[in-house]
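Remarks on the overall topology
The lines below spell out each chain.
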Amino acid sequence: MAGDSARERARKTREKAERLQRSAEKWEKGAAGEARTAEVLASGLGPAWTVLHDVRWPGRQRANIDHLAVGPTGVFVIDSKNWSGRITLADGVLLQNGRRRQWAISGCADAATAVALRLPDLTAQVEPVLCFTRDDPMHERSNGVLLCSTSTLVELLTSRPTVWDAHDVRQVVDRVRSLEIVEMEGGDKAPQRRRTAAPAPTARLEREPKATSAPHAPRRRRPAWVSRAALGLLTWLVLCSFTFQALSPFVQRADAPELLIAVYLLLALIIVSALTPKRRRRRRRR
């Protein structure tokens, strides 16, 4: 029917636009959650605390850490989640409306580990926090990750045991600011810092591909050729058996055994032609 191709193109374009719209709404919702968490940290924590936002995830070029809070009770790597629905913890497993969301726990723990690698002498003081943007109180722990809501976030951070005085906090903040994980203000400077970052753990990561590099891959042509030959031979034997049973009475009456041999050869040619790769036949035509 006239216009079918145009209608199909319009349908696909509309579906793509809807997917992009949903993706944009998801990003906007996440940004609103991060902004809400930042407001809670700014209004709830005192001057003894320093909070950094949109911190680069060490070792990952396109990932970031939502918030990094440094204060008298330690260094907290905070991941903000603006989830809807019912959030529960069952046997240490995070659930959203009954569905497993344990990947959020693992991601938060990995972010804290990446920061701790940059502060090797302060590993015990670096803790991951998964904060949900909601007013419902929450204070849980799963696989070493602290779970809270924006209504209990400040209480969670300030109620931890005090490990540093004001002087120590300033020193830790200076160390964190000197690391390559802190984002630069200005879009054209951040990529340059990302390329020039060369911490000690990166050197080990660069050696891993050399240690785990596999030898030359085995040839694939021979196994494919052998399998095709075996398949062709088996098919030819089966067809020859059926052909002999069907034509044997006729060949005996006509006393023409060469007819049976000709049929066998014809079957062989048909099988070889069918199993020959198309690319090879094209090359022969050229």
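Anyway, here's the lowdown on the structure attached to this text. (Residues numbered from 1 in each chain as written. Predicted model: local features only at pLDDT ≥ 70, side-chain atom pairs only at ≥ 80, totals over all residues. Heavy atoms only, no water.)

1. Concerning the overall build of the protein
Within the protein, the regular secondary structure consists of nine helices and nine strands. Within the protein, buried positions represent 32% of all 286 residues. Here the contacts in the protein between residues at least 6 apart in sequence split such that 55% fall between residues at least 24 apart. With an accessible surface of roughly 19,500 Å², the protein has 55% of that area assigned to carbon and sulfur atoms. (Helix = DSSP H or I, 4+ residues; strand = E, 2+ residues; numbered from the N terminus. Buried < 20%, exposed > 50% of the residue type's maximum accessible area, 1.4 Å probe, protein only. Contact = heavy atoms within 4.5 Å. Areas by Shrake-Rupley, 256 points an atom, 1.4 Å probe, with all protein chains shown as cover.)

2. Points about the sheet that holds strand β2 (residues 64-71)
If you trace the six strands from one edge of the open sheet to the other, you get β1-β2-β3-β7-β9-β8, paired in mixed fashion. If you trace the sheet from one side to the other, it starts and ends with β1 (50-56) and β8 (139-142), each paired once. Sheet twist, expressed as the mean angle between neighbouring strand axes with direction ignored, is 30°. Bridge count for β2 against strand β3 (residues 74-81) is five bridges, and the pairing is antiparallel. Directly across from Leu-68, in β3, lies its bridge partner Val-77. Contacts from helix α2 (residues 102-118) reach β2, β3, β7 (126-132), β8 and β9 (145-149) within the one sheet, and its direction differs from that of β7 by about 145°. Helix-sheet contacts for helix α4 (residues 166-178) involve β1, β2 and β3, and the interaxial angle to β2 is about 155°. (Pairing = 2+ DSSP bridges. Axes fitted to C-alpha atoms, helices over the stretch in contact; angles between N-to-C directions.)

3. Concerning helix α8 (residues 257-275)
Each turn of an α-helix holds 3.6 residues, which means side chains three or four residues apart point in the same direction. Here α8 contains 19 residues, and its C-alpha end-to-end distance of 28 Å stays within 8% of the 27 Å for a straight helix at 1.5 Å per residue. For α8, the complete set of buried residues consists of Leu-260, Tyr-264, Leu-267 and Ile-271. For α8, the angular spread of buried residues about the axis comes to 60°, placing them on one side. Across α8 from its buried face, at more than 90 degrees, point the exposed residues Glu-258, Ile-261, Leu-265, Leu-269 and Val-272. (Expected span 1.5 Å × (residues − 1). Arc of directions from axis to C-beta.)

4. A closer look at the sheet that holds strand β4 (residues 87-90)
The strand order across the open sheet built from three strands is β4-β5-β6, with neighbouring strands paired in antiparallel fashion. Whereas interior strands pair on both sides, the edge strands pair on one side only; in this sheet they are β4 and β6 (99-100). Judged from the two bridges that link them, strand β5 (residues 93-96) and β6 form a sheet pairing that is antiparallel. Bridge pairing in β6 places Leu-95 opposite Arg-100. Across the face of the sheet, α2 comes into contact with β5 and β6 while running at roughly 125° to β5.

5. As for the nonpolar core
Counting 23 residues, the largest nonpolar core has Leu-68, Val-70 and Val-77 as the members making the most contacts within it. Secondary structure elements with two or more residues in this core: β1, β2, β3, α2 and α4. A total of five residues in this core trace back to one element, the largest contributor, which is α2. Apart from residues lying up to four places away in sequence, Val-77 is in contact with Ile-65, His-67, Leu-68, Cys-108, Ala-111, Ala-112, Val-115, Val-126, Glu-127, Pro-128 and Val-129. (Core = buried A, V, L, I, M, F, W, Y, C linked by side-chain atoms within 4.5 Å.)

6. Quick look at the packing of aromatic side chains
Inspection of every chain in the model, using the stated rule, returns three aromatic pairs. Considering the side-chain rings of Trp-83 and Trp-103, the 5.8 Å spacing of their centres and the 50° angle between planes classify their relative orientation as tilted. One end of the pair, Trp-83, is in the loop between β3 and β4; the other, Trp-103, is in helix α2, with 20 residues separating them in the sequence. For Trp-83, a relative accessible area of 14% puts it in the buried group. In this structure Trp-103 comes out as exposed when scored by relative accessible area, which is 53%. Ring pairing ties together the aromatic residues Trp-83, Trp-103 and Phe-132, which thus form one cluster. (Phe/Tyr/Trp six-rings, centres within 6.5 Å; stacked < 30°, edge-to-face > 60°.)

7. Observations concerning the pattern of salt bridges
One pass over the full model with this rule turns up six salt bridges. The salt bridge involving Arg-36 is made with Glu-39; its shortest N-O contact spans 3.6 Å. Taken as a pair, Arg-36 and Glu-39 lie in helix α1 (residues 4-44) at a separation of three residues, close to a single helical turn. For Arg-36, a relative accessible area of 36% corresponds to the partly exposed category. Note that Asp-136 is salt-bridged to Arg-134, the shortest N-O span being 3.9 Å. With a relative accessible area of 16%, Arg-134 lands in the buried category. The network of salt bridges with common partners includes Glu-127, Arg-141 and Arg-160. (Salt bridge = Lys/Arg side-chain N within 4 Å of Asp/Glu carboxyl O.)

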